[in-house]
Each structure stands twice: as C-alpha cells, then as structure tokens.
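# Overview (structure and organization)
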Amino acid sequence: MFDETHFDLAQQTVRQVNQALHGIGESADASARRFRVTNPKGAHAVAAGLTAPISITIEGSVGYYCAGMNQRAEVTVIGNAGTGLAENIMSGTVKVTGNATMSAGATGHGGLVVVEGNAGARCGISMKGVDIVVGGNVGHMSAFMAQAGNLVVLGDAGDDLGDSIYEANLFIRGKVASLGADAVEKELRYEHQQLLAGLLDRAGLAADAGDFRRYGSARKLYNFHIDDIDAEVAARAARGSVVDRVGGAT
Amino acid sequence: MSGYDDGPPWHLQESYTFDRHVISEIRRAANTGIYRIRGFGAKRPLPTLDDLVFLGASMSRYPLEGYREACGTDVVIGAERAERPVRLRIPVTIAGMSFGSLSAQAKEALGRGASAAGTSTTTGDGGMTQEERGHSETLVYQYLPSRYGMNPDDLRQADAIEVVVGQGAKPGGGGMLLGQKITERVGEMRTLPVGIDQRSACRHPDWTGPDDLEIKIQELREITDWRVPIYVKVGAARPYYDTALAVKAGADCVVVDGMQGGTAATQDVFIEHVGIPTIAAIPEAVRALQELDVHRGSVKLIAAGGIRSGADVAKALALGADAVSIGTAALIALGDNDPNLDAEYRALGSAAGAWEDYQDGTDPAGITTQDPALAARLDPVIGGRRLANYLQVLTLETQTLARANGKSHVHNLEPEDLAALTVEAAAMAGVPLAGTSWIPGHE
Amino acid sequence: MCGIAGLFLKNEALRPELGRLTSLMLHEMCGRGPDSAGFAVYGDGSPGTTKVTVLAEHSTPDWSVLTDRLADDLDADVRVRRIRDHAVFETEGDGDRARQWFLDNHPDLDVLSHGEQLEIYKGVGDPDMVALNYGLADRRGTHAIAHTRMATESAVTTNGSHPFATGPDTCLVHNGSLSNHNQLRRFLERHGETFQTENDTEVAAGFMAWRIREGDTLDLALKKALVELDGFYTFAIGIKDGFAILRDPIACKPAVIGETDDWVAMSSEYRALAQLPGVNDSEIWEPEPGQIYTWTLDAAQSGGGC
C-alpha cells in the first residue's frame, strides 16, 4: 500500500494545498507522491500548476481551472468539474468521473484529459496537442480553432463542431448537431482507428474504434483569398488578346 | 521654373471626401476583394497630447534645478500583493510585440535597450523566446486569447503577467500574422502550419467577463505561487468601466492602450475607426482608480498609444498615469522607417515615413520580418543602444518638464499642471482651456 | 459582472430552510459581485392577497399614514411589514391598483415587486450584509432567486441591482452584458415602459414585462427575448410557482444546474450548489444555449426547451 498525504479543504485553503503540492521536487520518492484532497466543494484552481509526476485524487466536485497548466501529474476528480478543466495542460493525465462544464481541456498542449460523463460547450477549444476523451456528449463550439491533438467523443457533439479548426483530429461516435466553418467529415482510415483504439485504451473507456467518424479541417480558411483583377487584365493585354467586355475590364 | 509647376492645374478641384487616398483604397478593394491589412497605428489626424501644454513655474510655483535637484522617476508595480513586485527605474516600458511579428534580432534589441534603461519589455501574441528572456532584465509575459506558446514554465520565468483583453489598434480584435511570416520556428512556437494566415481568437477561450476574470487571475496567481504582479491590458473603448472592472477582478496594474496604438497587422478599418484617442482615455481610467481609492496606490496605470516624446510621457503622468508604454516609437528608435532605406521602401511600393507594411514581412530595416537576410541587417547590440538612448531622452525630457513644474518626483505631476489648446482637448483631458477656467462638459 | 443563485424546493419539509440555504448560496457568489445584491423570495403568501414591496431609499415616510391612505383608496384592509428601508404592504383589495397607487402618489418610493407570493429586497454593498439586513436567512418559502452584482456599464445603485420585477409575481436576474439595450430601451419607452437606470438588465426586464403585458406566455416571451436581445446572458426568471433559466445562443456566461428529489438549484458556479444538502448525490449539468428550462410546483419535474 502506498502512503498517502491527505489535504482537507475544509481545514486548509486552496493556496496552502497548492503551495504544498508545488513544493514536491523531482527527488520525491514514489510513496510521497500520492495525494488525496477532500471537501473541494467547488473551489477554484485546485491542483493548478502541478509540475511533479505525482498522483492526486480529489474527492468531490471542483470549480474552475482544476489542474490548470498541469505538467506530468495524474489528477483524478471523483465528481464534476467547472469551467476550464485542465486548461493549457502540458502533460500528464487529468480525469473526471462526472461531468465537466465549459472549455474542458481548453488550449491544452499535451497530455490526456478524460471526462467520463459529459463535457459542456467549447470542449477542446483552441487545443494545441492535448488528447481529450469524453465518455458522454460535448456541447456546442467544441474544438473551436483546434490546432492539434485529438478529441474523442463517445456520445454526441453539439452545434458548430470544429469551427475554424486547424490540424486537430475529431472522432465522434454519436451524432454531430452541426459542423462549424471549415470542418468536414474525413475518412476514418486504419491508422486513425489504431490511434483511436490507443486513446480509448489510455482513457479506460471501452468502445469500438470502427464506430467513430472522423472530422477535420477542409483547410479552405488557411489563407486569405486575394483576387488580383489588375494582374489578370495586364496578363491578357500582354498576351495581345482583345480585352473582353464580359470579363469586366474597361 | 518655380514650385508653381507642382500639382494639378489650378482650375481642378480634388474632393475632400473622396481624396486620393480614398480613391486608391476603393480601387484596391475592387481589385482584391479583401480588406486592407497593414501594420502601424492610426494615421489620420486625431487629438493627441500635443493639444495640451504645461504651465511651468511662476510667481506661485517654483522650479527645481536641473541636474542638481533630484527628480525621481521610479515606479513600483504590485507591491501590495506580489512577492516580487516589478520595479522600474523609468516610467516608460516597452509594449507587447510578438516574436513572429518582429524578428528575433529586434526582440533582442528591445530587451537590451530596456534592460540598460532599467525598464521592462513585454512578450506578444506568440509566446516567450529564450533570447528575449535572456536579454530582458524585466519581462512581462502576455496572456492572450490565442494562448500561442503559452506554458507554465515560461509563466514562472516571467516578472509579471499581462492578461490581454484588447489593444488600442483593435479593441475587440484578435492577433493576425500572415503566412509569409509563419516560418518553421514561428509555426512551431504557435502550433500552426507553416505559411498559413494566422487569425487569432478575439475572446479568451476559458473566461468571458470580469467576474470570470477574477477567477482566472486567481488561477494565474496560484500557478505562479503569488510571486508576480498581474496586469490587465485593454484597448481604449470604455476606459472608466474597463479600469474599474479590472481593479475589481484583482489586477495590480491596468494598461490602457489608446487608438493611436500600433499593431503588426490588422484591418485598416479597425485601426482607424475603433477605440478612442489616448488623451481621452487616460482621465477616464484615472477617474475609476480614484473612485476605487487605488490611484497612485495599489493599482498602477500604464498609458499607451502614440507616446512619442518626453512631453507625451510627462503629460500622460500629469493626467494620472503612473507610467507609459511605447511600441511604435521603440521600433522607430531601432530603425523603422529609416530615410536611408527610402529606395528599398519605394521598391516595395512604399516610402520612408509612410512604411506600414509590417504584415508582409519584407521590412528592409529587418525589424518586422522573419526573412533571415533582412533580419540580419539589424544588429541587436546597436539596436539596443539606440533604444537605450531614446529611453534616456524620454526620461530626461520628462524630468525637465517635471522640474519646471516644481516636482521632485514625476508621479507628483497632476492635471492642474496643464492647460488645453483646443476645446476638444479640454473636454477630453478634463483640463481647462488655456487662459480660462472652462472645461467643456465638466460644468 | 455578476453571480446568480436560484433554489426551488420540491420537498415541502425543506421550505422553512429556503432563506438559510439561499443565503449560503449567495455567500459563494460574493466574489463575482461585490458591489450590491438582491433576492426574491416566493411562498409564504396566500391566494387573494397581494403583496407590494416598496423601497424608501432616500426618504423616511410615515408608513402608518401611507397604509391608511392606501387602505382608503383601495377601500380594503392594508397591513404593512417594515424591514429597514423596505416595506411590504399586504391587501386583499385590488393588487394592481395598489401598485399603481404607489407609482402615481409616491415617486419618492421604488416599487420593487407586487404579486401573491413574490417579495424582492435589494441593497448596495457587501452581499452578505444585504442578506443579513433583510433577513434572508430566516425566510421560508417555495423558491428564491438571489443575485450579486459587479456593475459593468452603469452605476452601483440600489435601483440598478437585481432582481427586477417584470410583472405580477415575476422577476429577472442576469449575468452577462447586453449589446443592444440602449436602442431596445428607447423602443420600450415608446411602448409604455419606464426606466430608472442605464442598466441593461432593467431593459431585459422591461422587455419581458412588455411581452407579458401584451399577453405572451412566459415561454413565448422568452423565445422572443432570444431573438430581440443581443449580447451575452444567463437569465434566471422567477415566476409565481417556479423559475425558468435561459442562456443566450453563444453561452459564454456560466450556468450550472443541480437536481435531487428534494430541490432544483441553479448558479453561476458549482460552489454555490455545493452548500445544499444531498448535493453529492445530485445530478449536475450545464444548460444548453438558447433553451428554456422551467420548473414549476405542480409539474415538480424539469422541463426541457419548449
């Protein structure tokens, strides 16, 4: 059995708990690395800014920005999470057994975020490499401007999925209410199914990779579309052709 | 013959409404089908701090001796809440400009110059480079809607964090960097494909509104163990309310960027037609700070947007700012719009004095470019010295004016040291029209 | 900007605790809204009786004289209950007429609410103090909405605090910021509404009041609000026998709902719900944008968007 350090947020402040957790250095041995936090009662920024590869379980629901900017730690919330769960996560794993509200995994660069229940609006917004796996549904505007990483949704996705998406991959098993600008369905090839199976396995959620559909960028918004009528007219004149009135040139 | 030969025949009349510039822009729009994207700040005539003057010494007010009698210029930000407040030797900082919009050499030059002068630089919409951290003694790290390059390691290396709600050139607009400047290094930092036209989000992804900002600021403090001050930057839209809300959300410093503030790239309509002039924004921000009883105290005000000389610095401080921030002026000090490069500007379809095409990345001065050959033209050490010189002049000029008004420290400058030259300036600045006691709109 | 908390008690046994539980929720919202606060309580009324809540912010009227005059006008019995600068007048007489009497005869007083069940209290300053001053913790009833305010584009005044009444037994609180409220205010003024502040929420309340006066059901009025109001908002609307929640289509302002067999609660942040008994077994979810959620006493079940 591992020894566990217990923090009770009914007795201590979030500041005290985070300070203690930030103080864990590289050299801490395995047994010193397990932590339990009780009575979060919706407090904000619990376990934000972790840097060491510790394992921490939070019993109860948390408020905003739980495990914000997480590095290397393994954070488990037994309950629900508020806005911005694991926002800007760099590495490590953050898991929630219940639901997450808005902006879960927002702008994450790496690591894994797992929401076993539903995630709210803007799940994976602006994601930059994080992998997010949601057992239930995701809300509208999920994967908005998603740059890199993978979003896996076992349930349904709300309106405007993947609006203005860059290179992230979205795998949705259920229904997609609507796709956002420049988001299109793409072929689910063998390598995607492999990737998906790996993600589901890491997330501990059982599903058949073949049941998913893949969505990504049509890449039509990558560059501004700039006309150049002057150049066209000049080119025609240079070719010596008669200027065509239908073409609109004078 | 004489100058009578210049210009069009005398019987012709050009339109004031449809002048040459307007005609040219309509033709450009018709040709390309896209709005004009450019760098630099607002160029059309706008009320500036030039419309204010200092009163100086008189029978009732006595000046300090220059050089012999001290006139303090230091500024401390965040002393009340941060473990390590920001301490500046001079009341002028370098505004946020990204690596990506600027070359690495330019960022290094800014860092060197600012450090020599005892002030801070600020990262921009692209993340922190190690060159900048290395060369900048005091570095403010911007926290923007795009979150390009954002990571906690850099956050912890910063001396302050600036949460960006908006900037003067485009209050309500996100960042923009065109494909020609998204090189491999820039693309990697921002997690974007090389060569795309980057358009950033205009709202933060995980908070909207001052009530949620309060919680976000708490999170940033938690991640940095409450070590550093938190700034909030707004474009000059509703500076009274924006400042009050920034204070209520927990900021240690509010940065208000007026419409003359520059940008590396955005739509011309944004630059010229959104946001209010800096002269109008500062007094509103100050009023909010005074009502909340934090002015010249626990929350500092940095004014930005078109600061050019020590006169501008001193006037901004007299209106109530604690410090100013320069962007465009800093680039000019490094060599932007250099008349010696006129031939090259002309080859690009521009001219020295009018160069604004930062977005193209073709800058002959090597400042707003990612092209290695062009960027190599800017020697960061020389550039740093130029900036340091310029900052020194700004400081000396500010001190000169402050001493002339009897101040032993520049933060004792006050609105009553000023008079306005125009009715508009009097109304906007809340300063009487010269020779009268009239402040329009404040009866 | 603001914090919202709403509590609807399905279980009668909890009704004596309505005020206590609401004040715990309101306390958690102080950070979001330090400037001022207000709350609306329902229940504790009787059919056939109208309550009119009135605020005397800048004057100290002789309440008993007022009571007599009102009783004369209504030709009915009137009772008054005073709490600091608020007073609740109760009568079996014509309730609408009673309210109008105040509007016509006492411009020095603010009529905060009228209806069979509804009482509204509001004040400037620390929300916990506002709750304490007006005895929120001791109130019993079926449902309540509370609001803490961080003023965005208008002044911090009692007038400007939420909840705003929108009709008999109806009121509204708001977290967010409208963007077309000025032109909407001018339109509503032309259609019979009067406004006392520059506040955007007052405009939203005026819009609802106008629609309800014109005969819309609450549901239809809210559907029209979704079209006509521009900006970001989470609304909680109190009605005689329940409450409703609506988020704008972009839904950036937070909202979380929790439900057990004993209660339904709503707030801007989960930590308000964390104060309620049985919250660890509750179902917690985030309401969808552009959907009207309603809970009423007879239905005693959540209703999805209609």
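Residues numbered from 1 in each chain as written. Chains lettered and ligands numbered in written order. Predicted model: local features only at pLDDT ≥ 70, side-chain atom pairs only at ≥ 80, totals over all residues. Heavy atoms only, no water.

### Quick look at the overall build of chain A
- Summing up its helical and strand segments, chain A has 3 helices and 11 strands in all.
- Across chain A, helices and strands are ordered from the amino to the carboxyl terminus as β-α-β-β-β-β-β-β-β-β-β-α-β-α.
- Its C-alpha radius of gyration of 23 Å places chain A more than 25% over the 18 Å reference for a compact globule of 250 residues.
- The dimensions of chain A, computed from C-alpha atoms along their principal axes, are 85 × 35 × 30 Å. (Helix = DSSP H or I, 4+ residues; strand = E, 2+ residues; numbered from the N terminus. Rg over C-alpha atoms; globule rule 2.2 N^0.38 Å.)

### Notes on the state of the cysteines
- Counted by the stated rule, this structure contains 0 disulfides over all chains.
- As a non-bridged cysteine, C66 of chain A has C123 of chain A as the owner of its nearest cysteine sulfur, 15 Å distant. (Disulfide = S-S within 2.5 Å.)

### Details of the sheet that holds strand β3 (residues 50-55) of chain C
Residue and element names in this part refer to chain C.
- Spatially, β4-β5-β3-β6 is the arrangement adopted by the 4 strands of the open sheet, whose pairing is antiparallel. Both edges of this open sheet fall to β4 (78-83) and β6 (110-115), since each of them pairs with a single strand only. Within this sheet the neighbouring strands show an average axis-to-axis angle of 20°, counted without direction.
- Inspection of the sheet shows β4 paired to strand β5 (residues 86-91) by 6 bridges, in the antiparallel sense. Its bridge partner lying in β5, V78 is registered against T91.
- The strands touched by helix α2 (residues 63-74) are β3, β4 and β5; relative to β4, the strand with the most contacts, the crossing angle is about 150°.
- Of the strands in this sheet, β3, β5 and β6 touch helix α3 (residues 95-105), which is tilted by about 180° from β6. (Pairing = 2+ DSSP bridges. Axes fitted to C-alpha atoms, helices over the stretch in contact; angles between N-to-C directions. Contact = heavy atoms within 4.5 Å.)

### Quick notes on the interface of chain A and chain C
- Across the contact, 14 residues belong to chain A and 17 residues belong to chain C.
- Together, the buried faces of chain A and chain C total about 1200 Å²; carbon and sulfur atoms form 51% of this surface.
- In this structure, the connection of chain A to chain C is made through 0 salt bridges.
- The interface formed by chain A and chain C contains 8 residue pairs in polar contact (both at pLDDT 80 or more).
- Per-class residue counts for the side of chain A that touches chain C are 4 nonpolar, 8 polar and 2 charged. (Buried area = accessible area lost by both parts, 1.4 Å probe. Salt bridge = Lys/Arg side-chain N within 4 Å of Asp/Glu carboxyl O. Polar contact = N/O pair within 3.5 Å; in protein donor to acceptor, adjacent residues only side chain to side chain. Nonpolar A, V, L, I, M, F, W, Y, C, P; charged D, E, K, R; others polar.)

### Observations regarding the pattern of salt bridges
- Applying the stated criterion across every chain yields a total of 68 salt bridges over all chains.
- Notably, a salt bridge pairs D156 of chain A with K175 of chain A, separated by 3.8 Å at the nearest N-O pair. Here D156 of chain A, found in the loop between β8 (148-153) and β9 (169-172), pairs with K175 of chain A, found in the loop between β9 and β10 (183-186); they are 19 residues apart in sequence, far enough to count as distant.
- The exposed category is assigned to K175 of chain A, whose relative accessible area is 61%.
- Among the salt bridges present, the one from K407 of chain B reaches D417 of chain B, with a minimum N-O distance of 2.9 Å. Of this pair, K407 of chain B sits in the loop between α14 (380-404) and β16 (418-420) while D417 of chain B sits in the loop between α14 and β16, and the two are 10 residues apart along the sequence. (Buried < 20%, exposed > 50% of the residue type's maximum accessible area, 1.4 Å probe, protein only.)

### As for a negative patch on the surface
Residues and elements named next belong to chain C.
- There is a patch of like negative charges on the surface, built from D62, D68, D72 and D75.
- By secondary structure assignment, the location of D62 is in the loop between β3 and α2.
- Classification of D62 as partly exposed rests on a relative accessible area of 46%. (Patch = residues over 30% accessible without salt bridge, like charges linked within 9 Å, V, L, I, M, F, W, Y side chains within 5 Å. Areas by Shrake-Rupley, 256 points an atom, 1.4 Å probe, with all protein chains shown as cover. Lys, Arg positive; Asp, Glu negative; His and termini not counted. Charge placed at Lys NZ, Arg CZ, Asp CG, Glu CD.)

### So, the pairing of strand β16 (residues 292-296) of chain C
Residue and element names in this part refer to chain C.
- Along β16, 4 of the 5 residues are buried, which leaves the element largely enclosed by surrounding structure.
- Note: strand β12 (residues 242-247) against β16, 5 bridges, orientation antiparallel. Directly across from I245, in β16, lies its bridge partner Y293.

### Section: the interface of chain A and chain B
- Contacts between chain A and chain B engage 43 residues on the former and 43 residues on the latter.
- With both sides pooled, the region where chain A packs onto chain B buries about 3400 Å², and carbon together with sulfur makes up 55% of that total.
- Across the chain A-chain B interface, the total number found is 4 salt bridges.
- In this structure, D225 of chain B and R15 of chain A form a salt bridge, with 2.7 Å as the shortest nitrogen-oxygen distance.
- Here chain A is connected to chain B by 26 residue pairs in polar contact (both at pLDDT 80 or more).
- Elements with a minimum of two residues in the side of chain A that touches chain B: α1 (14-22) and α3 (229-238) of chain A.
- Counting residues per element, the side of chain A that touches chain B draws most heavily on α1 of chain A, at 5 residues.
- Split by residue class, the side of chain A that touches chain B holds 17 nonpolar, 18 polar and 8 charged.

### Quick look at the confidence of the model for chain B
- The share of residues in chain B with pLDDT of 70 or more is 99%, and the mean pLDDT across the chain is 95.
- Reported for the predicted complex are a pTM of 0.93 and an ipTM of 0.93. (pLDDT = per-residue confidence, 0-100.)

### Things to note about the sheet that holds strand β5 (residues 93-96) of chain A
All names here are of chain A.
- Pairing within the open sheet is mixed, and its 11 strands lie in the order β1-β2-β3-β4-β5-β6-β7-β8-β9-β11-β10. Both edges of this open sheet fall to β1 (5-8) and β10, since each of them pairs with a single strand only. For this sheet, the mean angle separating the axes of adjacent strands, direction not counted, is 15°.
- Across 4 bridges, the pairing between β8 and β9 is parallel. When the sheet's bridge partners are listed, N150 is paired in β9 with N169.
- Strands β1, β2 (34-38) and β3 (55-59) of the sheet are contacted by α1, whose axis makes an angle of about 155° with β1.

### Concerning the side chain of S161 of chain C
Residues and elements named next belong to chain C.
- Looking at where S161 falls in the secondary structure, it is placed in the loop between β8 (143-149) and β9 (164-167).
- S161 sits in the buried class, given a relative accessible area of 0%.
- There is a polar contact of 2.9 Å between the side chain of S161 and the backbone oxygen of T157.

### Comments concerning the packing of helix α7 (residues 239-248) of chain B against helix α9 (residues 278-291) of chain B
Residue and element names in this part refer to chain B.
- Look at α7 against α9: their axes get within 7 Å of each other, and the N-to-C directions meet at 40°. As summarised for this structure, α7 and α9 are arranged oblique, according to the angle between their axes. As α7 packs across α9, the resulting crossing turns out to be right-handed. Contacts between α7 and α9 involve P239, Y240, T243, A244 and V247 on the former and, on the latter, A281, E284, A285, R287, A288, L289 and E291.
- Per-class residue counts for the contact of α7 with α9 are 8 nonpolar, 1 polar and 3 charged. (Parallel < 35°, antiparallel > 145°, perpendicular 65-115°, else oblique. Left-handed = near helix turned anticlockwise from the far one by under 90°.)

### Here's the deal with helix α5 (residues 181-190) of chain C
All names here are of chain C.
- Within the span of α5, buried status applies to H181, L184, R185 and L188. Looking straight down α5, one finds its buried side chains confined to an arc of 105°; they lie on one side. The exposed set on the far side of α5, more than 90 degrees from its buried face, consists of Q183 and R190.
- Close packing links the buried residues of α5 with β10 (170-178), α6 (200-213) and α7 (218-228).
- Just beyond α5, the residue with positive phi is G192, at close to 100°. (Arc of directions from axis to C-beta.)

### Focus: the nonpolar core
- Membership of the largest hydrophobic core comes to 92 residues, with the highest contact counts inside it found for L52, I94, L301, I326, L387 and L391 of chain B.
- Beyond its immediate stretch of four places on either side in the chain, L391 of chain B contacts I90, V92, I94, G113, A114, A117, T119 and I326 of chain B. (Core = buried A, V, L, I, M, F, W, Y, C linked by side-chain atoms within 4.5 Å.)

### With respect to the packing of aromatic side chains
- Applying the stated criterion to the full structure yields 18 aromatic pairs over all chains.
- Geometrically, the ring pair formed by F224 of chain A and Y35 of chain B is edge-to-face, given 6.1 Å between the ring centres and 75° between the ring planes. Of this pair, F224 of chain A sits in the loop between β11 (213-217) and α3 while Y35 of chain B sits in the loop between α1 (20-32) and β1 (37-38), which puts the two residues in different chains.
- Residue class for F224 of chain A comes out buried when judged on its relative accessible area of 15%.
- Seen in terms of ring centroids, Y240 of chain B and Y241 of chain B are 5.1 Å apart; in terms of plane orientation they differ by 70°. Their pairing is edge-to-face.
- Classification of Y241 of chain B as partly exposed rests on a relative accessible area of 26%.
- These aromatic residues form a ring-pair network of at least three members: F8, F243, Y293 and W295 of chain C.
- One residue, K216 of chain B, lies across the ring of Y65 of chain A, its end atom 4.0 Å from the ring centre.
- Directly above the ring of Y240 of chain B sits R287 of chain B, whose terminal nitrogen or CZ lies 3.9 Å from the centroid. (Phe/Tyr/Trp six-rings, centres within 6.5 Å; stacked < 30°, edge-to-face > 60°. Lys NZ or Arg CZ within 6 Å of the ring centre and 35° of its normal.)

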